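Each chain, letter by letter, is given below.
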Amino acid sequence: MTAPGPDETGDDPEYRDSGLARERTSLSWTRTAIAFAALGGTVLKVNLATGLIILVIAPVIWQLGRVSRGAIPGADGGPPAMSEVSARRLFVITVSIVGVALLCLVIAILGRSAPGALR
Amino acid sequence: MSWTTRLAALLPTTVERDAGGTEPDPRFTFANERTFLAWSRTALALVVAGLGIVQLLPPFPGVPEGRHLLGVPLIVLGAVLAVAAYTEWVRNQRALRRGEPMPTSVMPWILAATITGIAIIAAVVLLLSALR
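Reading guide: rules and limits
- Residues numbered from 1 in each chain as written.
- Chains lettered and ligands numbered in written order.
- Predicted model: local features only at pLDDT ≥ 70, side-chain atom pairs only at ≥ 80, totals over all residues.
- Helix = DSSP H or I, 4+ residues; strand = E, 2+ residues; numbered from the N terminus.
- Rg over C-alpha atoms; globule rule 2.2 N^0.38 Å.
- Buried ≥ 20, exposed ≤ 12 C-beta atoms within 10 Å, placed from the backbone.
- Contact = placed C-beta atoms within 7 Å.
- Axes fitted to C-alpha atoms, helices over the stretch in contact; angles between N-to-C directions.
- Parallel < 35°, antiparallel > 145°, perpendicular 65-115°, else oblique.
- Left-handed = near helix turned anticlockwise from the far one by under 90°.
- Nonpolar A, V, L, I, M, F, W, Y, C, P; charged D, E, K, R; others polar.
- Expected span 1.5 Å × (residues − 1).
- Arc of directions from axis to C-beta.
- Core = buried A, V, L, I, M, F, W, Y, C linked by C-beta atoms within 7 Å.
- pLDDT = per-residue confidence, 0-100.

Asks: Which parts of the structure should I look at to understand the overall build of chain B?
Replies: When its secondary structure is counted, chain B shows five helices and zero strands. Tracing chain B from N to C terminus, the helices and strands come up as α-α-α-α-α. For a compact globule of 132 residues, the expected C-alpha radius of gyration is about 14 Å, and chain B comes in at 19 Å, more than 25% above that figure. Counting only C-alpha atoms and orienting by the principal axes, one finds that chain B spans roughly 65 × 30 × 20 Å. When burial is assessed residue by residue, chain B has 34% of its 132 residues classed as buried. For chain B, contacts bridging at least 24 residues in sequence account for 73% of all contacts bridging at least 6.

Asks: What is the right way to read the overall build of chain A from this model?
Replies: Of regular secondary structure, chain A possesses five helices and zero strands. Tracing chain A from N to C terminus, the helices and strands come up as α-α-α-α-α. Expressed as a percentage of the 119 residues in chain A, the buried residues total 34%.

Asks: Could you clarify how one ought to interpret the packing of helix α2 (residues 19-46) of chain A against helix α3 (residues 26-56) of chain B in this entry?
Replies: When two helices pack together, their arrangement is given by the angle between the helix axes and the distance between those axes. Where α2 of chain A contacts α3 of chain B, the axes come no closer than 9 Å and their chain directions differ by 15°. One element, α2 of chain A, and the other, α3 of chain B, form an angle in the roughly parallel class. Here the hand of the crossing between α2 of chain A and α3 of chain B comes out left-handed. Of the residues contributing to the contact of α2 of chain A with α3 of chain B, the split by class is 15 nonpolar, seven polar and seven charged.

Asks: Would you take a moment to explain helix α3 (residues 48-64) of chain A for this structure?
Replies: All names here are of chain A. Here α3 spans 25 Å end to end across 17 residues, near enough to the 24 Å set by a 1.5 Å rise per residue. Inspection of α3 places I54, I57, A58, I61 and L64 among the buried residues, and these make up the whole buried set. Projected down its long axis, α3 shows its buried positions confined to an angular sector of 130°, all on one face. Turned more than 90 degrees away from the buried face of α3, the exposed residues are L48, A49, L52, V56, P59 and Q63.

Asks: Would you mind going over the interface of chain A and chain B with me for this structure?
Replies: Interface extent is often summarised as the accessible area lost during association of the parts. Facing 46 residues of chain A, the contacting portion of chain B comprises 45 residues. For the side of chain A that touches chain B, the secondary-structure elements that each account for two or more residues are α2 and α5 (82-110) of chain A. When residues in the side of chain A that touches chain B are grouped by element, the largest group, 19 residues, is from α5 of chain A. Across the side of chain A that touches chain B, the residue classes break down as 30 nonpolar, 11 polar and five charged.

Asks: I'm lost on the nonpolar core in this one. Help?
Replies: Considering soluble globular proteins, one finds that nonpolar side chains tend to be buried as a cluster. Of all hydrophobic cores here, the largest spans 47 residues; its most connected members are F36, L39 and C104 of chain A together with A43, V47, L51 and I75 of chain B. When near neighbours in sequence (up to four residues on either side) are disregarded, F36 of chain A contacts I54, I57, A58 and I61 of chain A together with L44 of chain B.

Asks: Where do I start with the packing of helix α4 (residues 66-98) of chain B against helix α5 (residues 107-131) of chain B in this structure?
Replies: Residue and element names in this part refer to chain B. Relative orientation of the contacting elements α4 and α5 amounts to 175°, with a least axis distance of 10 Å. Classified by the angle between their axes, α4 and α5 sit roughly antiparallel to one another. On α5, the residues touching G66, L69, L70, P73, L74, L77, L81, A84, A85 and E88 of α4 are M107, I110, L111, T114, I118, I121, A122, V125 and S129.

Asks: When you look at the confidence of the model for chain A in this model, what are you seeing that I'm missing?
Replies: Residues and elements named next belong to chain A. In this model, chain A carries an average pLDDT of 76, and 64% of its residues clear a pLDDT of 70 or more. Highest mean pLDDT in chain A belongs to α3 (90); lowest belongs to helix α1 (residues 13-16) (54). Predicted confidence for residues 3-9 stays below pLDDT 50, and this span has five contacts to residues more than four positions away or in other chains.

Asks: Explain the confidence of the model for chain B here, please?
Replies: Low pLDDT marks stretches whose predicted atomic positions should not be read closely. Considering every residue of chain B, the mean pLDDT works out to 88; 98% of them sit at 70 or more. This complex was scored by the predictor with a pTM of 0.82 and an ipTM of 0.86.

Below, the structure written as structure tokens:
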């Protein structure tokens with residue numbers, strides 16, 4: 001799959017400017033960071049230390065999305081290709097979610113339940 | 001291919017080294033990244049739902065392990081989806097770089113099957129709880 005040629009651009013703003021795609025991706029990173037913060041806030045009610053750990057991850061995730069907010073790297077000796085940069089960032093998110101899931105699993109199995117804690 | 005080789009193929013350094021092909025249109029890379037992020041948020045939502053069921057719901061009368069039966073599989077599914085999302089991203093990005101057809105995703109099937117299973121368990125737990 002390659003970029004459309006100059007005669008294929010048409011009137012679709014998406015074809016004329018990939019900045020919209022970048023903006024959507026940037027917003028997606030922000031939503032993911034918010035999801036981490038929301039999970040951290042919930043876990044905070046159940047287990048303070050684990051909740052704080054997850055809350056700390058949220059700004060890290062937001063910061064990881066900075067590449068999506070930066071310039072698209074060029075192929076001629078510029079910054080590294082996007083897929084190379086993405087692999088590391090997305091791997092970090094995957095490891096974070098698996099780690100958080102394991103922590104939550106331990107809390108779910110071993111922790112004392114607190115019905116109505118969110119009230 | 002052994003499991004260790006498969007796992008090693010997912011490491012960022014391996015992904016970068018074996019990328020092959022040419023850098024695709026940034027819009028496709030962005031779209032692939034957004035799909036990964038959407039699955040990641042789904043995974044997080046499953047984890048928080050599972051934890052909420054186990055920790056915050058009152059126990060089901062007559063079914064003491066009911067909350068764990070419902071919550072633990074959701075948390076495990078969250079972890080599985082996170083790893084699967086990354087695997088899918090790697091496969092899609094590789095296909096984009098090489099100009100190959102996009103691989104078929106099994107993730108919607110995994111999600112639908114597991115949620116259906118958990119819904120059935122939930123119905124059974126509620127029925128048992130109501131009968132006692």
